[in-house]
Amino acid sequence: MPSAATPAPCYFLQFSFYSSPLGLPFFFTATTIATSGRGGLVAAFTGRWELLDASCIARNCGRAVSSPPSLLPFVSAPRALHASTDTTIMRFLFNIRNLHSPTAQCTSKCEEDEKKRFCWLRFDKRFFGSAAAVIERNASFSTLNSDDVSYFKDLLGEKSVVEDEDVLLTANTDWMRKYKGSSKLLLQPKSTHEVSQILKYCNSRCLPVVPQGGNTGLVGGSVPVFDEVIINIGSMNNIISLDKVSGILVCEAGCILENLISFLDNHGFVMPLDLGAKGSCQIGGNVSTNAGGLRLVRYGSLHGSVLGLEAVLANGDVLDMLGTLRKDNTGYDLKQLFIGSEGSLGIVTKVSILTPPKLSSVNLAFLACKDYFSCQKLLVEAKRRLGDILSAFEFLDNQSMDLVLNHLEGVRNPLPSSMHNFYVLIETTGSDESYDKEKLEAFLLRAMEGGLISDGVLSQDINQASSFWRIREGLPEALMKAGPVYKYDLSIPVEKMYDLVEEMRIRLGQTAKVVAYGHLGDSNLHLNISAPQYDDKILAQIEPYVYEWTSKHRGSISAEHGLGLMKANHISYSKSPETVRLMGSIKKLLDPNGILNPYKVLPQSLKSCH
């Protein structure tokens, strides 16, 4: 080994990166340090590149320290590591909020700066807070360069190629601020042709991409993991046609859901999909995640409502499946592959969707139940006695109500006399106002007499109905305002659904608050663990237990939010190995280089780029 004073090549690091979401401390683990260079480690802390001397490294080898080790400026003769040390593992605990942004841009090269030698480190693994979810950047992917940016500017025009740091910060970060990528480029195509040319180019360069709509997802599916190019389709927001006889709407994928709802309302139709995020989410993202929403019990899923779509494959080929027929049995129904595939098989650019006629009679009841069994029984009775006018059946527990009342401004308890254990919203939609209301009132009276309802109120006008819905739709916002939250979107048989909630409360004790609500009408539980801070000990109590419990009871670990990054490696809890392998084969067939929304939906063991 050369002496400390002798200039020598830099050592190299194989770098592992472990972090927790939302600014928690994280570990980086450096391994395989060549001993032919100077002893020391270049690190970024409080925004400066500095050198850790070898004695500091040696003192902290193989253990985690509770505070950052001393960061020393370069000295002329730092002590070297022991000559016989070929592999050293070091762990240093830093706080992610104190790291300067250039760390995300580091490259694995050495650079000489006058008499100083620095080895820049490249983060190629990330941990996003789900147990054992260490993600490694696919080495086969290219990195963006100036020639790529120039090509996109020539294709789209400079205004549609965004490199502004503030805009990119928003696009790189998911709605929950739990997942954050490091993309340096946001593209805003205005047509299917432009999307096609973008993907054709990216595929030829093996540049990974992330399709993005309103970025309202909850599982990290719509933001980069590393430096993927973001393709935002929000500029493709034209309504193409509405057949006023059949109610078939054709539109571009960037249309905001709430705008479509308003457009259809003005023409006497309703969107079969309604979500709390309707003011931001886009129909292309809704289709790509097979969003469920509040009225699935009435209108079914998008697998039934979407009649056709247009999608662009990874190689730029445009699949025109934009049919508007309710019956079409000519060959395989390929559009179904793209509904719920989260942009991993192709980018949806247009959709045709069947919209039902707007009915004049809408009634909403806000009810209280003493226990979960009463909620179940009420659902059974509602389906039996309200029949085809039942359009929504939602539930929330007292923890949910307490959260909304404490964290959302202007929200009032519709049943203020006392807090109840459970609350249910029942909506009916029909064509005969007096008959429908009479039918609902008779049902509620019968349920009250049978002890299924403890208290309740019927909305008297649209404003009161909106205030009822605000309680249910505002729960995600209230949870965010309350602090860190672990969110799980599960399909579980109705009779077993709340058993998981009660078991989690026993399991977590006083360390976190378990909040439950969801679409009881279609067996969809939104399980939320609200905690003082993100904590690995809390996470270890949640995962994989929640997935194991759901699998044991023949449920699904993703009811409507998708798998994204959060659940990709957990897909086997809901799908058989044979099914997952077939999914991998389909992915490889349609996207052989694996550039479309990488690291999402399918487990890392099925990486297709090579």
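This text goes with the structure placed above it.
Owing to the predicted nature of the structure, the values given are computational and were not obtained by experimental measurement.

> Lay out the overall build of the protein with the relevant residues and their values.
Check the secondary structure of the protein and you find 18 helices and 25 strands. Counting all 610 residues of the protein, 53% fall into the buried class. Taking the contacts inside the protein whose residues are at least 6 apart along the sequence as the reference set, 71% of them involve residues at least 24 apart. Accessible surface computed for the protein: about 26600 Å², of which carbon and sulfur atoms make up 50%.

> I'd love a proper account of the side chain of Ser391, names of residues and values included.
With respect to the helices and strands, Ser391 occurs in strand S20 (residues 390-397). Within the local environment of Ser391, its side chain forms a polar contact with the side chain of Glu427, the two groups lying 2.7 Å apart.

> So, the pattern of salt bridges: which residues are in play, and what are the values?
Under the defined criterion, the tally for this structure stands at 19 salt bridges. Between Asp265 and Lys358 there is a salt bridge whose closest N-O contact spans 2.7 Å. Of this pair, Asp265 sits in helix H5 (residues 257-266) while Lys358 sits in the loop between strand S18 (347-354) and strand S19 (361-369); the two residues are 93 residues apart in sequence, bridging distant segments of the chain. The partner of Glu381 in a salt bridge is Arg385, and the shortest N-O contact between them spans 3.0 Å.

> I'd like a rundown of the sheet that holds strand S10 (residues 161-162), residues and numbers included.
What links the strands of a sheet is backbone hydrogen bonding, and the strands pair in either a parallel or an antiparallel sense. Taken in spatial order, the four strands of this open sheet run S10-S11-S13-S12, and their pairing is mixed. Each edge of the open sheet is held by one strand with a lone partner, namely S10 and strand S12 (209-212). Of the strand pairs in this sheet, strand S11 (residues 186-187) and strand S13 (residues 229-232) are connected by two bridges, and their pairing is parallel. Note on S13: the bridge partner recorded for Leu187 is Ile231.

> Please provide a residue-by-residue account of the sheet that holds strand S17 (residues 318-321), values included.
Strand order in this open sheet of five strands is S14-S15-S18-S16-S17, and the pairing throughout is antiparallel. Edge positions in the open sheet fall to strand S14 (239-242) and S17, since each of these has one partner strand only. Strand-to-strand twist of the sheet, defined as the mean angle between neighbouring strand axes without regard to direction, takes the value 10°. As paired elements, S14 and strand S15 (residues 248-252) share three bridges and run antiparallel to each other.

> Report on the side chain of Gln604, specifying residues and quantitative values.
Among the secondary structure elements, Gln604 is positioned in the segment after helix H18 (577-590). Judged by its relative accessible area of 18%, Gln604 is buried. Setting aside residues up to four positions removed in sequence, Gln604 forms contacts with Ile135, Glu136, Asn569 and Tyr599.

> Just give me the short version of the environment of Gly220, but keep the residues and values in it.
Mapped onto the secondary structure, Gly220 falls in the loop between S12 and S13. Residues Gly220 and Gly562 lie 342 residues apart in sequence; the distance between their C-alpha atoms is 9.5 Å.

> An account of a nonpolar patch on the surface is requested, with residue identities and associated values reported.
A contiguous nonpolar patch, built from Tyr332, Leu334 and Leu337 and spanning about 350 Å² of accessible area, is present on the exposed surface. Structurally, Leu337 is set in helix H9 (residues 335-338). You can call Leu337 partly exposed: its relative accessible area is 32%.

> Can you break down helix H10 (residues 372-385) residue by residue, with the values?
Given 3.6 residues per turn, any residue in an α-helix points the same way as the ones three and four places further on. Taking 1.5 Å as the rise per residue, H10 with 14 residues should run 20 Å; its terminal C-alpha atoms sit 20 Å apart, in good agreement. Among the residues of H10, Tyr372, Ser374, Cys375, Gln376, Leu378, Leu379, Glu381 and Ala382 are the ones counted as buried. Residues of H10 that are buried in the fold lie against S19, S20, strand S21 (422-430), helix H12 (433-449) and helix H15 (494-508). The positive-phi residue at the C-terminal boundary of H10 is Gly387, with phi of around 55°.

> Go over helix H11 (residues 398-407) with me, naming the residues and quoting the values.
Every buried residue of H11 is accounted for by Ser400, Met401, Leu403 and Val404. Projection of H11 onto a plane perpendicular to its axis shows the buried side chains occupying an angular sector of 160°, all on one side. Residues of H11 that are buried in the fold lie against S19, S20, S21, helix H13 (462-473), helix H14 (475-482) and strand S24 (513-519).

Analysis parameters
Residues numbered from 1 in each chain as written. Predicted model: local features only at pLDDT ≥ 70, side-chain atom pairs only at ≥ 80, totals over all residues. Heavy atoms only, no water. Helix = DSSP H or I, 4+ residues; strand = E, 2+ residues; numbered from the N terminus. Buried < 20%, exposed > 50% of the residue type's maximum accessible area, 1.4 Å probe, protein only. Contact = heavy atoms within 4.5 Å. Areas by Shrake-Rupley, 256 points an atom, 1.4 Å probe, with all protein chains shown as cover. Polar contact = N/O pair within 3.5 Å; in protein donor to acceptor, adjacent residues only side chain to side chain. Salt bridge = Lys/Arg side-chain N within 4 Å of Asp/Glu carboxyl O. Pairing = 2+ DSSP bridges. Axes fitted to C-alpha atoms, helices over the stretch in contact; angles between N-to-C directions. Patch = residues over 30% accessible without salt bridge, like charges linked within 9 Å, V, L, I, M, F, W, Y side chains within 5 Å. Expected span 1.5 Å × (residues − 1). Arc of directions from axis to C-beta.

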